[in-house]
Amino acid sequence: MKPILSNSPALSEAREKLKGLRGPKYWRSLEELADTARFREMLEREFPAGWWGGGEGLGRRDFLRVMGASLALAGLTSSCTKQPLQAIVPYIDQPAELVPGRPLYFATAMPFHGFGHGIVVTSWEGHPTKIEGNDSHPISLGGSNIFMQAALLDLYDPDRAQAVMHGDDASTWQNFLGALHGVMERQKGRRGAGLRILTETAASPALSAQMEELLAQYPEARWHVFDAVSRQNCHEGARLAFGKTVEAQYSFDKARVIVALDSDFLFAHPAALRHARQFADGRRVSAGSDAMNRLYVVEPTPTITGSAADHRWPMRSGRIGAFAAALAARLGAAGAPDDTEHASWLSAAAADLQANRGASIVIAGDSQPPAVHAWTHAMNEALGNFGKTVRFSEPKIPNTGSLSELAADLAAGKVEALFILGGNPVFSAPSDLEFAQRVAQAGFSAHLSADANETAASCQWHVPESHFLESWSDVRAIDGTISIVQPLVNPLYNTVSAHELLAAMLGSAETAGYDIIRKHWTGAENDWRQSVHDGVAAKTQSPFVEVKAARIAFNNSTQPAEAAGLELVFKPDPTLWDGRFANNGWLQELAKPMTKVTWENPALISPALAARNQLSNGDIVELKARGRTLGIPIWITPGQADDCVTLHFGNGRERVGGVGQGVGTNVFALRESANFHFEGGAELRKTGGSKMIASTQLFHNVQSAERQVLREGILAEYRKDPDFVQKSVEQPPEDETLYNAGEFAYAGPRWGMSIDLTTCIGCNACILACQSENNIPVVGREQVSKGRSMQWIRVDDYFRGNADAPAITHMPVPCMQCENAPCELVCPVGATLHDHEGLNLQVYNRCVGTRFCSNNCPYKVRRFNFLFFAKADYHTPSLKAMLNPEVTVRWRGVMEKCTYCIQRISAARIAAQEEDRPIPDGGVTPACAQACPARAIVFGDLSDPQSRASKLRRHSLRYSMLGELNTKPRTTYLAKLTNPNPALSEGAHA
């Protein structure tokens, strides 16, 4: 059976059904919208497809036979399971600050997307186990994203490169130094004329200083920079507008109206964590303030930012330039012809911006041409936003060459020695450069990287690179703030950092990374120690500069032409980025926002395009552009712009570890220098083939037409009636429940959680934080396709309205921690029970795997270990060091779920008892709440009326998911509010 039937009659029927509904209709997939046979089949099952391990499940006789055997063995579980041997080695020389059984916390920073992100790392007896955001860092602000959380798994990845390689032969660092010495000596005589160095954007001031020293010694050498996810258009747009390169610094907390032109500023921007916090702060509604910002988004494919919009318009990337120019003309910032097709949208957005002069932002995404960025600068200046919501700093960008220039020099035979420090350009370079063949033309080539990737295979030498958690460095954030990158562990393998390799090229092969960084920072010892301790070097933020935008004329030289035919849009993968995380199982298995696809990167197309070509999810199509072809499965995506195919790059790696090998499609094959971000004139052909794609979109469905789990409204409705949510929620009598376990008397804390659906952006950081904190295993593509994913938190995406341009809401769903818990009454061995603080606990060594609790849970938040999924983590030496020692590793046949990070609650309780004090509000923060960059999750003691959690529980927007069941969840929600423009109809949400 096809995963999705997307023919036009089904979609038309679904649209007719929507017209007949009196209230809003929420749906999680196109199957549900069209009410297909597959969806009805899923509803008839209590569990997702394959839950019982067979196509039809167990019959009654087989079920009773299996369960009888399980109960008979209830008391033998521990003795029949062979536990792994543990080697215990006592400390001989114990550090003074190290207390066994208590973690230490170290501030450092993670280089990502060309800039630094401040982090705090938890370390147990010398091995890091958890990454959090650094509260003191001006970009992180204590939040984190999925890449920061998953970086820990990359550190312990057993597939990392572990030795120097010369071709296919293992070698040594000393042998490489011998070859390096000869190369550098030859280049001295030629002043470096044949020397080329290729790096990614250098966010490290110390590395830039080393490169300057190297270029001073070899003045004719060239330094080239290439990033697969490039910000070059932003910088060129600034030069077009101001005559120089500046970096825009946005203050979203001061903006009441925001227009995003193909900009995913809440997720894919170097300052996304700060943006998410500020944007969320501008949308919180409280009893004392009902002010709320408004967001307009124009984009080709649904993004995290687009899903948060009050008005979102799907639009091909090539048409956004004309839209931006028309908006600039209406604001008096540019001369341009009017855009009659979008006249109503433009008029409404322009009037809204004009009404909020000095308190608005217009922002363009990295993939838009320089002219679009120049127009956004002109609009912000015309609106009086400069110096208020938009300020500028001068980035310290070295004068470097491009990858195209390097490829040309290689082809001309001018390169005698090529050093590639980081990145994987052979995989990610534009296909027209044929970079693998060009690298082979260098007389000498060496690549520094953490894994033996495609570029390593093309070079003569490969040097394994140290992870940022095991090497010294420094890194600059997008606002200029510098952090010292300090290691938490000695290199696990024979690796070196880029600083140490450059030192060897400079003739100082024995210089350690610490000495290089410490020498670069020549300040006093106290200042150095304070910077390392805080994770932020004081007073290093770049000063703001004043700029004035020129009036940008609308003409053929500035306006990017829109090509006819099908458009291809190239975007970094939402979970794998540019492919550097392809061997990271956490990220491969993380469901991508909006599609919930895992272990794959299908081409995203609109429902209308699918209907015209009679395509279903998983069908393989052939895409053709510029004479190049690519076969790839498709995924039908609500809200995708029509005649537009989005290709997420990062998968399809050929030289990668066992996790990423053979996963997905390499879409870089279609990406050329001239169509680096998008390309028109493409063709699509249905091949007749198909591929199974693992998606969690249909799993754990808890709503129906009669039972809606979402509550939402518009700001104007809230202002008229703040209690409109309470009036829409069924409130059964206290004693009317099937699950009443009696009232508990709580002498101490009574823990609870509040999740604000208005500020949740659906970034999935909570899922990865929970996975890292609680030793949750990866199960693989096949098991995910059977509904056996193990993440304790899921983020359900709900769509409302037209499938072509729906409104989108994200709903995180952890365990509800019910007071009247349905799971507790049916467990035959008491493995799930209430504790004295109101937590619904799971006692793993009692559990015999009946799964009655999961069957009885209306929220579907329990996960079952079918095949001892943690086996790889527990029996792989490098991965064992990654496990949180405070959390039990669950074995086969055991049910597991969220317990509000009970290990953190216990640690806070013990510390409070030792110091004879109560646990303060905020003294316990579960991993999900700590990671959330928008602070949409609040945890606290409901017994304390002044705690944040108690105050939110009294909020008029508060409601319980499926509260009509009277399970009395401790996890409650704040209904989602949107702030649409009254001048635009609801249908303009698109």
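Throughout, a residue's number is its position along its own chain's written sequence, starting from 1. Given that the model is predicted, a residue must reach a pLDDT of at least 70 before its local features are reported, and side-chain atom pairs must reach 80 or more before they are shown or counted; all residues, however, enter totals for whole chains, interfaces and linings. Hydrogens and waters are ignored; side-chain quantities use all the structure's heavy atoms.

A. Focus on the overall build of the protein. Counting from the N terminus, the helices are DSSP H or I runs at least four residues long and the strands are E runs at least two residues long. Counting secondary structure elements, the protein contains 34 helices and 42 strands. Evaluated residue by residue, the protein yields a buried proportion of 61% over its 990 residues. We call two residues in contact when some of their heavy atoms are within 4.5 Å. Considering only contacts within the protein whose residues lie at least 6 apart along the sequence, 75% involve residues at least 24 apart. Here the protein has roughly 37500 Å² of accessible surface; of this, 51% comes from carbon and sulfur atoms. For the exposure calls, accessible area comes from a 1.4 Å probe over protein chains only, and a residue counts as buried if that area is under 20% of its type's maximum, exposed if over 50%, partly exposed in between. We get accessible surface area from the Shrake-Rupley algorithm with a probe of 1.4 Å; when it comes to residues, only the shown protein chains can shield them.

B. Geometry of the environment of Asn775. Locating Asn775 in the fold gives a position in the loop between α26 (765-773) and α27 (781-785). For Asn775, a relative accessible area of 5% translates into the label buried. The spacing of Asn775 and Leu883 is 108 residues in sequence and 5.8 Å in space, taken between C-alpha atoms.

C. Quick peek at the layout of surface pockets. Here a cavity means grid points, on a 1 Å grid over the protein atoms only, where a 1.4 Å probe fits yet cannot get out; a pocket means an open set of points with protein on both sides within 12 Å along at least five of seven lines; lining residues are those with an atom within 4 Å of a point. Grid points are joined across faces, edges and corners, and a volume is the space filled by probe spheres set on the points. Put simply, the second largest pocket is a space of about 1100 Å³. Lining of the second largest pocket is provided by 39 residues; of these, Pro103, Tyr105, Arg904, Ala907 and Gly923 occupy positions nearest its centre. Among the elements that make up the lining of the second largest pocket, the one with the highest residue count is helix α32 (residues 902-914) (eight residues). Split by residue class, the lining of the second largest pocket holds 15 nonpolar, twelve polar and twelve charged. For this classification, the nonpolar set comprises Ala, Val, Leu, Ile, Met, Phe, Trp, Tyr, Cys and Pro, the charged set comprises Asp, Glu, Lys and Arg, and every other residue, Gly included, is treated as polar.

D. Empty space enclosed by the protein, seen in detail. Applying the stated criterion across every chain yields a total of ten cavities of 30 Å³ or more. Considered as a void within the structure, the second largest cavity measures approximately 220 Å³ in volume. If you go around the second largest cavity, you meet 19 residues; those closest to its centre are Ala591, Thr696, Ser789, Gln791 and Arg794. Ranked by residue count, the leading element in the lining of the second largest cavity is strand β33 (residues 794-800), at three residues.

E. Fine view of the nonpolar core. Here, the term nonpolar core denotes a set of buried Ala, Val, Leu, Ile, Met, Phe, Trp, Tyr and Cys residues that are joined through side-chain atoms within 4.5 Å. Counting residues in each nonpolar core, the largest one holds 185 residues, and the members touching the most others are Phe435, Val645, Leu647, Met811 and Met961. Top element by residues in this core is helix α6 (residues 146-155). It accounts for eight residues. Not counting residues up to four positions away in its chain, the partners in contact with Met961 are Val702, Val709, Met811, Val813, Met816, Tyr859, Pro969 and Tyr973.

F. Region of interest: the pairing of strand β28 (residues 644-649). By the criterion of burial, β28 is predominantly enclosed, with six of the six residues buried. Of the two faces of β28, the one holding Cys644, Thr646 and His648 and the one holding Val645, Leu647 and Phe649 are both buried throughout. Here the rule is simple: two strands pair whenever DSSP picks up at least two bridges between them. As paired elements, strand β23 (residues 566-572) and β28 share six bridges and run parallel to each other. Bridge pairing links Val569 to Thr646 in β28.

G. Quick look at the sheet that holds β33. Taken in spatial order, the three strands of this open sheet run β1-β33-β34, and their pairing is antiparallel. Because the sheet does not close on itself, it has two edges, and the strands there are β1 (26-27) and β34 (807-813). Where β1 and β33 come together, two bridges link them in antiparallel fashion. For Trp27, the partnering residue across the bridge sits in β33 and is Phe799.

H. View of the confidence of the model for the protein. Per-residue confidence for the protein gives a mean pLDDT of 87; residues scoring 70 or more make up 88%. Within a predicted model, pLDDT stands for the predictor's per-residue confidence, ranging from 0 to 100. Mean pLDDT across the secondary structure elements of the protein bottoms out at helix α5 (residues 77-80), with 38, and peaks at strand β10 (residues 257-261), with 98. Note that pLDDT drops below 50 for residues 46-58; the model gives that stretch 33 contacts with residues more than four away or on any other chain. Contacts from residues 63-89, a stretch scored under 50 in pLDDT, to residues over four places away or in other chains number 20 contacts.

I. Expanded view of the state of the cysteines. Criterion for a disulfide: a pair of cysteine sulfur atoms within 2.5 Å. In this structure the tally under the stated criterion is zero disulfides. Of the cysteine sulfurs around Cys760, a residue in no disulfide, the closest is that of Cys932, at 6.6 Å. Cysteine Cys928 shares no disulfide, and the gap to the nearest cysteine sulfur, in Cys901, comes to 6.2 Å. By relative accessible area, Cys928 is classed as buried at 7%.

J. Unusual backbone geometry, seen in detail. With phi around 55°, Lys860 is a residue other than glycine that occupies positive phi space. Along the polypeptide, Lys860 turns up in the loop between α29 (852-856) and β37 (863-864). A relative accessible area of 10% means that Lys860 is categorised as buried. A positive phi angle, close to 50°, is found at Phe868, a residue other than glycine. On the secondary structure map, Phe868 appears in the loop between β37 and α30 (871-875).

K. Just the pattern of salt bridges, in detail. By convention in these notes, a salt bridge is any Lys or Arg side-chain nitrogen within 4 Å of a carboxyl oxygen on Asp or Glu. Counted by the stated rule, this structure contains 44 salt bridges. Notably, a salt bridge pairs Asp642 with Arg612, separated by 3.1 Å at the nearest N-O pair. Of the two residues, Asp642 sits in the loop between β27 (628-636) and β28 while Arg612 sits in helix α23 (residues 607-612), which places them 30 residues apart along the sequence. Arg612 sits in the partly exposed class, given a relative accessible area of 47%. Through salt bridges that share partners, Lys130, Glu132, Glu773 and Arg904 make up one connected network.

L. Layout of the pairing of strand β17 (residues 444-449). With respect to burial, β17 is a largely interior element, six of its six residues being buried. In β17, alternate side chains face the same way, and those of Phe444, Ala446 and Leu448 on one face and Ser445, His447 and Ser449 on the other are all buried. Judged from the five bridges that link them, strand β16 (residues 417-421) and β17 form a sheet pairing that is parallel. Counted as the bridge partner of Leu418 is Ser445 from β17. Taken together, the four bridges between β17 and strand β18 (residues 461-464) define a ladder with parallel strand orientation. Opposite Ala446, over in β18, you have Trp461 as the bridge partner.

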